[in-house]
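One-letter residues, chain by chain:
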Amino acid sequence: MLQPTEKIWYNGKLIPWNDAKIHVLSHVVSYGSSVFEGIRCYLTDRGPAIFRGIDHVRRLLDSAKIYRMEIPFTADQLLSAMVETVRGNGLESCYIRPIVLRGYGDVGVLPRNNPVETYIAAYPWGRYLGEEAINDGVDVCVSSWNRIAPNTLPALAKAGANYMNSQLIRMEAAINGYAEGIALDEAGYVSEGSGENIFVIRDGKVFTPPLGASVLPGITRDSIVKVAQQLQIPIVETIIPRELLYIADEVFFTGTAAEVTPIRSIDRIPVGAGHRGPITERIQSRYFEVVHGKTGDDFGWLTFISSVRDPEPVTA
Ligand code: PPE
């Protein structure tokens, strides 16, 4: 269950959690017109730090641009707003959820007079696929639902509407006793999980589907590519046929929420030895070191809450 915190940032200032409400006839409710982000803030030796905040802000602005939504804040303002939200709630490690939506105004699909509203919430959020998932791995299926097809809903945008597809995948998996579903793209190649990117390992090489396979351009996906390169583990973006999943040595999911989650079986076929494999473990443990600031932030991915000053108060 969601753990409420005190304040939510709304269009430039912090408001009480319970006041962050919208009207049921807001455009977003009928038409799914929102773009959003999910970011983690981790506790490090130098206090809480937002992981890859500016990269998430950039993707938020990209998502909004695709949907012709004008966000009246700069990237720097949005990053400071995330810091303000974490600080204003006295949080250490937490999940940050910016949401930009089309609000109340016109009825009908064409959003002519619907304000674009920006919210940022922050709250504690534990392991996405269960406490044991990180070490033990999860049992997943290939979904009977495909991922959104090219030129239908844009997969590079992290838009609320895309998650209707994710819900179908995730609910079907849950009903059949799986932790998650892997969706194939329109052509039948491996795409991603309902809320995670996927990596497949065979013979010491790591593969992940390219952006053209209807995947979200995951920030964790990008982090893993860079971490693997640093560890000198060969990694390539390429289309992946479904059956490679069944004969892989190792498979894992990545995502802000899922972090690096090993997959131990797919459609009841054990992946490799049926538990987390050695390459996954190396990448995963380096990832956790990086997000917790144990590697000296050599990629410059951490925004330390304590090193950002509060914005100057706006005077009329
Ligand atoms: N694919 C999808 C469809 C997706 O939703 C996510 C994030 C990813 C890939 C990984 O992207 P990134 O977080 O930038 O590495 N899914 C979010 C959780 C969705 C949910 O609210 O549930 C997340 O991990 O924050």
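For the structure, check the block above.
Residues numbered from 1 in each chain as written. Predicted model: local features only at pLDDT ≥ 70, side-chain atom pairs only at ≥ 80, totals over all residues. Heavy atoms only, no water.

**Q** I'm lost on the site of the ligand in this one. Help?
**A** Around the ligand there are 23 residues in total, and Tyr95, Tyr128, Tyr163, Thr220 and Thr256 lie nearest to it. Tyrosine 128 has a polar side-chain atom sitting 2.5 Å from an oxygen atom of the ligand. Coverage of the ligand by the protein chains reaches 93% of its 550 Å² of free accessible surface. Among the detected pockets, the ligand sits in the largest pocket. Every element with two or more residues in the shell around the ligand is listed here: helix H2 (53-66), strand S6 (94-102), helix H6 (219-230) and strand S14 (250-255). The residue makeup of the shell around the ligand, split by class, is 7 nonpolar, 10 polar and 6 charged. (Near = heavy atom within 4 Å. Polar contact = N/O pair within 3.5 Å; in protein donor to acceptor, adjacent residues only side chain to side chain. Areas by Shrake-Rupley, 256 points an atom, 1.4 Å probe, with all protein chains shown as cover. 1 Å grid on protein atoms, 1.4 Å probe; cavity = no way out; pocket = protein on both sides within 12 Å on 5 of 7 lines; lining within 4 Å. Sits in = over half its atoms within 2 Å of the grid points. Helix = DSSP H or I, 4+ residues; strand = E, 2+ residues; numbered from the N terminus. Nonpolar A, V, L, I, M, F, W, Y, C, P; charged D, E, K, R; others polar.)

**Q** Teacher, can you tell me more about the pairing of strand S1 (residues 7-10) here?
**A** If a strand is regular, its side chains alternate between the two faces of the sheet. Bridge count for S1 against strand S2 (residues 13-16) is 4 bridges, and the pairing is antiparallel. Across the sheet, tyrosine 10 pairs through a bridge with lysine 13, a residue of S2. Between S1 and S2, which pair antiparallel in sequence order, lie 2 residues; one of them, asparagine 11, sits at a positive phi of approximately 45 degrees. Judged from the 2 bridges that link them, S1 and strand S7 (residues 116-123) form a sheet pairing that is antiparallel. (Pairing = 2+ DSSP bridges.)

**Q** Honestly, the packing of H2 against helix H3 (residues 75-88) in this entry has me stumped. Any pointers?
**A** Packed helices, taken two at a time, are described by the angle their axes make and the gap between the axes. Relative orientation of the contacting elements H2 and H3 amounts to 125 degrees, with a least axis distance of 9 Å. Taken together, H2 and H3 sit at an angle that is classed as oblique. Crossing geometry of H2 relative to H3 is assigned as right-handed. Contacts from Gly53, Ile54, Val57, Leu60 and Leu61 in H2 reach Ala75, Asp76, Leu78, Leu79 and Met82 in H3. (Axes fitted to C-alpha atoms, helices over the stretch in contact; angles between N-to-C directions. Parallel < 35°, antiparallel > 145°, perpendicular 65-115°, else oblique. Left-handed = near helix turned anticlockwise from the far one by under 90°. Contact = heavy atoms within 4.5 Å.)

**Q** Help me understand the nonpolar core, please; the structure alone is not making it clear to me.
**A** Side chains of a nonpolar character, in soluble globular proteins, are inclined to be buried together. Core analysis: the largest hydrophobic core is formed by 26 residues, its most contacted members being Ile50, Met82, Val86 and Ile96. Counting only elements with at least two residues in this core, the list comes to strand S4 (39-44), H2, H3, S6 and S7. Looking at which element gives the most residues to this core, the answer is H3, with 6 residues. Among all residues touching isoleucine 96, those that are not within four sequence positions of it are Glu37, Gly38, Ile39, Cys41, Ile50, Met82, Val86, Ile120, Ala121 and Ala122. (Core = buried A, V, L, I, M, F, W, Y, C linked by side-chain atoms within 4.5 Å. Buried < 20%, exposed > 50% of the residue type's maximum accessible area, 1.4 Å probe, protein only.)

**Q** Whenever I open this one, helix H5 (residues 162-175) confuses me. Can you help?
**A** Three or four residues apart is the spacing at which side chains of an α-helix point the same way, because the helix has 3.6 residues per turn. Here H5 spans 21 Å end to end across 14 residues, near enough to the 20 Å set by a 1.5 Å rise per residue. When H5 is considered as a whole, its buried residues turn out to be Asn162, Tyr163, Asn165, Ser166, Ile169 and Ala173. The arc that holds the buried residues of H5, viewed along the axis, is 145 degrees, so those residues lie on one side. Residues of H5 that are exposed and point more than 90 degrees away from the buried face comprise Met164, Ala174 and Ile175. Looking at the packing, one finds that the buried side of H5 touches strand S3 (34-36), strand S8 (138-142) and strand S9 (180-184). Looking one or two residues past H5, glycine 177 carries a phi angle of roughly 85 degrees, positive in sign. (Expected span 1.5 Å × (residues − 1). Arc of directions from axis to C-beta.)

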